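Residue-level listing of the chains:
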Amino acid sequence: MALRDFTVGAPATTANLGPGFDAFGLAFNLWSEVDFSFDCERTTISAEGYGAGLDSRPETNLILTAFKELCRESGVEPPRALRLRCRNRIPFGSGLGSSAAAIACGLVAANEALDLGIEAAELVDLGSRIEGHPDNIAAALLGGLTVGAMGDREEGALIASYSVDDWNVAVIKPHITIFTEDARRALPKTVAMEDAVFNIQRIAFLLSALCGGDEDTLGFAMQDRLHQEYRLPLIPGGREILDAAIGAGAAGVAVSGSGPALVAFSMKPVDGILAAMADTCLAAGIDCDQFNLKVSRDGASVIA
Ligand code: HSE
C-alpha cells in the first residue's frame, strides 16, 4: 500500500539554562518543518533556510538516520525511497537544538509513516542515544520545560516534564559556528566540590522560578559554575552580551546549550533586551541573527 505524504515539525530548544548542564531543556516557538513523500524512485533531500547549501547526501542526514533507527529498533523495513523537503528555521551549530529538531522530525515521521503508535515520551530514549544527551531532544519531542537523565541500560532516558510560565526570550545567534564536540572539549574533566554544590543549590530554584514566572529569583537560579565560564571565551563579546541583557532588564541569562547563541528571559516584552544584546555583539565585531521568542508547550508532531 502506498504511504501517505505528510509534514512534520519540531521546535528549537535551549539546553542547560545555566546550572542544569546536560539535564534541562526548553522548547521555543521557532519550528523547522520537513515534508515527507514516498512516491519516488530514489531518496533525495532538499532544504531551504539555514544550511540550504550544505551536504544533502542521505547517508549523512540526521533526519533519515533517526527515521531508519526507529524502523530498525521496531523491526520494520523502512520505505524503499523517501523525498524530504526541509524548511530549516533553526540555525545550524547554534546551540538552539537544530540537530535535536532533525532527530525529532525523523522519529516522529517514522512513527507516523509506519503506524508504529509509539508515544512521544518513549521516543526520547532513542533520540537521546542518537544525540548523546537527553536535554535538547526531550524538549524537542515533548515541548515545554523538560529535565532529562540517562538511566542505566534497562531504564534508558528518564524524563520529567514541567508546565512553564509564559516567558519572553531574547535570543541572539552570533555569526560564528561552535560545534558541540568542541564546546565539550573546552570543559574540565573534573570539577571542584564547591562548584558542584554551587550548581546544586540553584537547580531547585531554577525549576520553581521558570515554572512560576518568578523574575526576582531567576537571575540567581541561572548562575552556573560547571560549563559557561569555559565556553564564554569561545564567543567574542559573550560575557558583555549577557551583561548587556541584564543591564537592559533581563531577569536571567545563559549560554544556549553549547553556544554560540545566548538567551535572556523576561516576563515583559524583550525588544529592548534583544537590541542591547545585538548592539553589544556588533560592537565585538560580529553580526548576529536575532529572535524574539516564546516558550512552545508543544513538541514535535505531524502538522499536516
Ligand atoms: N548539554 C549539551 C551541552 C547541549 O551543553 O554540551 C548541547 O547543545
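Residues numbered from 1 in each chain as written. Predicted model: local features only at pLDDT ≥ 70, side-chain atom pairs only at ≥ 80, totals over all residues. Heavy atoms only, no water.

### Looking at the packing of helix α1 (residues 62–74) against helix α2 (residues 98–113)
Working step 1: Between α1 and α2, the least distance of the axes is 7 Å, while the angle of their chain directions is 40°. In this view, α1 runs oblique relative to α2, as classed from their interaxial angle. Here α1 and α2 pass one another in a crossing that is right-handed. Residues Leu 62, Ile 63, Ala 66, Phe 67, Leu 70 and Cys 71 of α1 lie in contact with α2, whose contacting residues are Ser 99, Ala 102, Ile 103, Cys 105, Gly 106, Leu 107, Ala 109, Ala 110, Asn 111 and Ala 113. (Axes fitted to C-alpha atoms, helices over the stretch in contact; angles between N-to-C directions. Helix = DSSP H or I, 4+ residues; strand = E, 2+ residues; numbered from the N terminus. Parallel < 35°, antiparallel > 145°, perpendicular 65-115°, else oblique. Left-handed = near helix turned anticlockwise from the far one by under 90°. Contact = heavy atoms within 4.5 Å.)

### Concerning the domain arrangement of the protein chain
Working step 1: Domain annotation for the protein chain reports domain 1 (6–163) and domain 2 (168–294).
Working step 2: Here the C-alpha centroids of domain 1 and domain 2 sit 24 Å apart.
Working step 3: Counting from both sides, the interface comprises 29 residues of domain 1 and, opposite them, 37 residues of domain 2.
Working step 4: Contact between domain 1 and domain 2 buries roughly 2,300 Å² in total, counting both sides, with carbon and sulfur atoms accounting for 67%.
Working step 5: The interface formed by domain 1 and domain 2 contains one salt bridge. (Domains from an automatic or database assignment. Buried area = accessible area lost by both parts, 1.4 Å probe. Salt bridge = Lys/Arg side-chain N within 4 Å of Asp/Glu carboxyl O.)

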